[in-house]
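What follows is the residue order along each chain.
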Amino acid sequence: MTDTAYRRVNARVTGIAIAAALGGFLFGFDTAVINGAVDALAGEFALDAALKGFAVSSALLGCAVGAWFAGSMANRWGRVPVMITAAVLFLISAIGSGIAFGVVDLIVWRVIGGLGVGAASVIAPAYIAEVSPAHIRGRLGSLQQLAIVLGIFAALLSNALLAGVSGGAAEVLWLGLPAWRWMFMIEAIPAIVYGVMALRLPESPRYLVLRREYDKASQVLLDFTGEKDTNLKIQQIRDSLESEQKESFRDILGPALGLKPIVWVGILLSVFQQFVGINVIFYYSTTLWRSVGFDESSALLTSVITSVTNILVTIVAIVLVDRVGRRRMLLVGSVIMTVALAAMAVAFSFAELVTQDGATTAELEAPWSVIALVGANLFVVGFGATWGPIVWVLLGEMFPNRIRASALAVAAAAQWVANFAISTTFPVLSGIGLTFAYGFYALCAAASFVFVWWKVRETKGMELEDMH
């Protein structure tokens, strides 16, 4: 292949990977948009700590269900139709959440959006892995996490702008509606863009082989991956699929507590990614920054800055993942996160409890406020450069072709259940004490190091057909 043809192929596959990763953008936007709205909607609907936590994390229930069924849907209908379905669910949730009449229907609309998030979280990494050449698969797989953090950034930035224009998230903005409602409704724009882009994507060649559409699979391999011998590649895919064209959840069953060992590795990677508490930073960061003395406007701005940091370090991960390898980056990230979370736990042990307007918050004075800020941002750096993108890369590539969609669905569903558990319990844990909460996350980060060292193998440079 000439240099020109090689660059053309790389540009094509990068383009469709970016389009697929737009689901990650909506994933990030939908999960972070609640950040700027949570205090305002809690005040409007008079929510206590437990119900506030559930309202924030209710979408994650939908995420778990959407992820669970996305694998079987993708095998039955194809990867692209599931992306389009996810876009429609995002659109419905955006409008519904913005016009919610009470906390019950708000939760319903958030769960509907969660169904789309869960489906996108399974389909995007699987699709990207299946269309990507091995030598750049890690970088393209990392686009999923880059899209997620860009979505988080866009949500936090739009929250800050809307709150700034209206004078506060609870203040009236346009059409007599408070700003927090517009924070939800603005998600309709990227939802429409994602749906339109998904309509233009080619189907995964491995799905086409599964459906015995060999001519179409050959054309996709030739046009987008630059495969010279498409017949040989298709035969390799057929061999990896073996005779079990009708993939089902029975295929992932095994002797290790009912599942194959590789499936458990994927599940535990997902659980550890959430149990280090990363989404506490993004769901409750505005509240966190206010505890160290920032007003609402400054807290929203600081959340945006933290999100920018997350984007930059994710780009670093994209550059390094195919050079350094997945396993080594996860180990380094575990160490950084453990140190950062331990520092936050120590800092908040010096917090003072202040009650104002019936609400009790923890406030920090210097130098502990500075240590908490540094710790939180170091944690974001450690996570964003390693565990954030690398887990998605591994989940997209580590499973054999025959069980990829089903195993990834189970692992992603476990991730959303873990996310729900962490997000829902944070208000309660912080009520016990932020030292206790961040101390628990630090212990989980330390445990993640042991797990990776013990159970996770390197997949850098391996073909998908060689995953066993």
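Residues numbered from 1 in each chain as written. Predicted model: local features only at pLDDT ≥ 70, side-chain atom pairs only at ≥ 80, totals over all residues. Heavy atoms only, no water.

Report on the overall build of the protein, specifying residues and quantitative values.
When its secondary structure is counted, the protein shows 18 helices and five strands. Every one of the 468 residues in the protein was classed for burial, and the buried ones make up 60%. Partitioning the contacts of the protein with sequence separation of at least 6, the portion at a separation of at least 24 is 80%. Roughly 18,200 Å² of accessible area belongs to the protein as shown, and the carbon and sulfur atoms make up 67% of that amount. (Helix = DSSP H or I, 4+ residues; strand = E, 2+ residues; numbered from the N terminus. Buried < 20%, exposed > 50% of the residue type's maximum accessible area, 1.4 Å probe, protein only. Contact = heavy atoms within 4.5 Å. Areas by Shrake-Rupley, 256 points an atom, 1.4 Å probe, with all protein chains shown as cover.)

I'd love a proper account of the nonpolar core, names of residues and values included.
Soluble globular proteins tend to pack their nonpolar side chains together in the buried interior. With 118 residues, the main nonpolar core has Leu269, Trp387, Tyr438 and Tyr441 as its most contacted residues. Of the residues forming this core, the biggest block, 13 residues, is contributed by helix α17 (residues 404–432). For Leu269, the residues in contact, after removing those within four places along its chain, are Leu330, Trp387, Val391, Leu394, Met398, Phe451 and Val456. In terms of nonpolar packing, the next biggest core, distinct from the first, is built from nine residues, Tyr207, Leu208, Ala217 and Val220 among them. (Core = buried A, V, L, I, M, F, W, Y, C linked by side-chain atoms within 4.5 Å.)

Just give me the short version of the packing of helix α12 (residues 261–275) against helix α18 (residues 434–455), but keep the residues and values in it.
For the pair α12 and α18, the least separation of the axes is 9 Å and the interaxial angle reads 155°. Considered as vectors, α12 and α18 are oriented roughly antiparallel to each other. Handedness of the crossing formed by α12 with α18: left-handed. Residue-level contacts link Val265, Leu268, Leu269, Phe272 and Phe275 of α12 to Phe440, Tyr441, Cys444, Ala447, Ser448, Phe451 and Lys455 of α18. (Axes fitted to C-alpha atoms, helices over the stretch in contact; angles between N-to-C directions. Parallel < 35°, antiparallel > 145°, perpendicular 65-115°, else oblique. Left-handed = near helix turned anticlockwise from the far one by under 90°.)

Run through a nonpolar patch on the surface, naming residues and quoting values.
On the surface, Val308, Leu312, Ile315, Val316, Val319 and Leu320 cluster together to form a nonpolar patch covering roughly 450 Å² of accessible area. For Val319, the position within the fold is in helix α14 (residues 296–324). (Patch = residues over 30% accessible without salt bridge, like charges linked within 9 Å, V, L, I, M, F, W, Y side chains within 5 Å. Salt bridge = Lys/Arg side-chain N within 4 Å of Asp/Glu carboxyl O.)

Outline the side chain of Ser97, listing residues and values.
Residue placement: Ser97 occurs in helix α4 (residues 79–98). Taking the relative accessible area as the measure of exposure, Ser97 reaches 1% and is therefore buried. If we ignore the near neighbours within four places in the chain, the residues touching Ser97 are Leu106, Trp109, Arg110, Trp180, Arg181 and Phe184.

Can you lay out the packing of helix α16 (residues 368–397) against α17 for me, pointing to particular residues and giving the numbers?
Across the interface, α16 lies against α17 with an axial gap of 9 Å and an inter-helix angle of 150°. Classified by the interaxial angle, the pair formed by α16 and α17 is roughly antiparallel. Of the residues in α17, those touching α16 at Val391, Trp392, Leu395, Gly396 and Glu397 are Arg404, Leu408, Ala411 and Gln415. Across the contact of α16 with α17, the residue classes break down as five nonpolar, two polar and two charged. (Nonpolar A, V, L, I, M, F, W, Y, C, P; charged D, E, K, R; others polar.)

With reference to specific residues and values, describe the packing of aromatic side chains.
The final tally for this structure, using the stated rule, is seven aromatic pairs. Ring centres of Phe272 and Phe451 lie 5.5 Å apart, and the angle between their planes is 35°; this geometry places the pair in the tilted category. Here Phe451 lies in helix α18 and Phe272 lies in helix α12, a separation of 179 residues in the sequence. The exposure class assigned to Phe272 is buried, which follows from its relative accessible area of 16%. (Phe/Tyr/Trp six-rings, centres within 6.5 Å; stacked < 30°, edge-to-face > 60°.)

Give a description of the environment of Gly384 that names residues and reports values.
When you line up the elements, Gly384 lands in helix α16. Taking the C-alpha atoms as reference points, Gly384 and Ile278, 106 residues apart in sequence, are found 9.4 Å from one another. Among residues more than four places away in sequence, those in contact with Gly384 are Asn310, Val313, Thr314, Ala317 and Pro389.

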